[in-house]
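# Residue-level structural notes
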Amino acid sequence: MKNAKDTYLELNIEEEKLMVKNCYDNEFCEQLIKNDLIVNNSVNLLEGIYLIAIEKAMIDNEVGWGKALELIDRYKIPLHIFLVYYDLRKRGRRVWIGPRDNTLISETHKLKKIEVFVLSEGSPITTNKIANWSELAVADSHIPIIAIVDKNGEITYYESRIYMLNSLSNDK
């Protein structure tokens, strides 16, 4: 059992949403509200699970990865999506769900937006699908990044840009 003094938030589930039951650090909660991670006392699902995983929030007097994995399963969140969310948050980034399937949006330190297309190792995907996604991300002024989560949970990031090469000719 986790002591409430060791966490910032106590959460509970109401109508399938993660709700703030108690806030033990007002400054922390105000920051979450300012960043739209708590809206109408409801915590953003990925952020709430992240806070449980890092033991900054508890639910049912439980914290840690075991409880986070239970919630990931309950809400049917693809593990590879959560792992990338977790990794970006651990790096100090703000992160939210992206506009396209399997994407997350984050900001660089210079407030440029990156769009992360999350793939798991071994999942089939065509180069056309990656190219189309990359073009859409660039059209939205996002830096396109592909995150590949391997079978061990390790994440590798690649920038994805489409380059058009002119064919070489011998015309004189």
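Calculation rules
Along each chain, numbering runs from 1 in the same order as the chain's sequence is written. Given that the model is predicted, a residue must reach a pLDDT of at least 70 before its local features are reported, and side-chain atom pairs must reach 80 or more before they are shown or counted; all residues, however, enter totals for whole chains, interfaces and linings. Side-chain measures were taken over the full set of non-hydrogen atoms in the model, leaving aside hydrogen atoms and water. Helix numbering and strand numbering both begin at the N terminus, where a helix is a DSSP run of H or I of at least 4 residues and a strand a DSSP run of E of at least 2. Residue burial is assigned from relative accessible area. The probe radius is 1.4 Å, only protein chains are included, and a residue is buried under 20% of its type maximum, exposed over 50%, and partly exposed in between. Contacts were defined at the residue level, with two residues in contact if any of their heavy atoms lie within 4.5 Å. Per-residue accessibility takes into account occlusion by the displayed protein chains alone, with areas from the Shrake-Rupley method and a 1.4 Å probe. By the counting scheme adopted, Arg and Lys are positive, Glu and Asp are negative, and His together with the chain ends is not counted. In plain terms, the charge of a residue is placed at NZ if it is Lys, CZ if Arg, CG if Asp and CD if Glu. Ring pairs shown here join Phe, Tyr and Trp side chains whose ring centres sit within 6.5 Å, with only the six-membered ring taken for Trp; geometry is labelled stacked below 30 degrees between planes, edge-to-face above 60, and tilted in between. A strand pair is defined by DSSP finding two or more bridges across the two strands. Helix span is expected to be 1.5 Å times the residue number reduced by one. A crossover gets the label right-handed when its path from the first strand over the helix to the second runs clockwise, viewed with the strands pointing away from the viewer. Candidate patch residues must exceed 30% relative accessible area and have no salt bridge, after which like charges are joined if within 9 Å and Val, Leu, Ile, Met, Phe, Trp or Tyr side chains if within 5 Å. Salt bridge criterion: a side-chain nitrogen from Lys or Arg within 4 Å of a carboxyl oxygen from Asp or Glu.

## A word on the overall build of the chain
Counting secondary structure elements, the chain contains five helices and ten strands. When its C-alpha atoms are laid out on the principal axes, the chain stretches across 80 × 30 × 25 Å. Residues classed as buried in the chain amount to 40% of the 172 residues present. A sequence separation of at least 24 residues applies to 44% of the contacts in the chain between residues at least 6 apart. About 10,900 Å² of surface is accessible on the chain, with carbon and sulfur atoms providing 48% of the total. Where the 22 positive side-chain charges of the chain centre and where its 26 negative ones centre are 4 Å apart.

## Looking at the packing of aromatic side chains
Aromatic ring pairs are reported here in terms of the distance separating the ring centres and the angle at which the planes meet. Taken as a whole and judged by the stated rule, the model has eight aromatic pairs. Relative to F82, the ring of W65 lies with its centre 5.8 Å away and its plane at 80°, an arrangement referred to as edge-to-face. Of this pair, W65 sits in helix α3 (residues 65-74) while F82 sits in helix α4 (residues 79-90), and the two are 17 residues apart along the sequence. Classification of W65 as partly exposed rests on a relative accessible area of 31%.

## Observations regarding the sheet that holds strand β2 (residues 17-23)
Taking strand neighbours across the sheet as the criterion, the five strands line up as β3-β4-β2-β1-β5 in an open arrangement whose pairing is mixed. Lying at the two open borders of the sheet, with one neighbouring strand each, are β3 (38-39) and β5 (57-59). One ladder, built from two bridges, connects β3 with strand β4 (residues 42-43); its direction is antiparallel. In the sheet register, I38 faces β4, and the bridge partner there is V43.

## Thoughts on α4
The end-to-end C-alpha distance of α4, which contains twelve residues, comes to 16 Å, matching closely the 16 Å that a straight helix rising 1.5 Å per residue would cover. Most of α4 is tucked away, with ten of its twelve residues classed as buried. Turning to α4, its buried residues number three or more, namely H80, I81, F82, L83, V84, Y85, Y86, D87, L88 and R89. In the stretch just after α4, G92 is the one whose phi turns positive, near 85°.

## A short note on the environment of H109
Along the chain, the position of H109 falls in the loop between β7 (103-107) and β8 (113-120). Judged by its relative accessible area of 68%, H109 falls in the exposed class.

## Description of the pairing of β8
Every other side chain in a regular strand lies on the same face of the sheet, so the side chains alternate between the two faces. Counting buried positions along β8 gives six out of eight residues, so the element sits mostly inside the fold. With antiparallel pairing between neighbouring strands as the criterion, β7 and β8 make up a hairpin whose turn holds five residues, including L111 at a positive phi of roughly 65°. Read as a crossover between parallel neighbours, the route from β8 over helix α5 (residues 127-139) to strand β9 (residues 143-149) is right-handed.

## Brief notes about a nonpolar patch on the surface
On the surface, a nonpolar cluster with roughly 250 Å² of combined accessible area is contributed by W65, L69 and L79. On the secondary structure map, L69 appears in helix α3.

What is shown is where atoms sit, not what they do.
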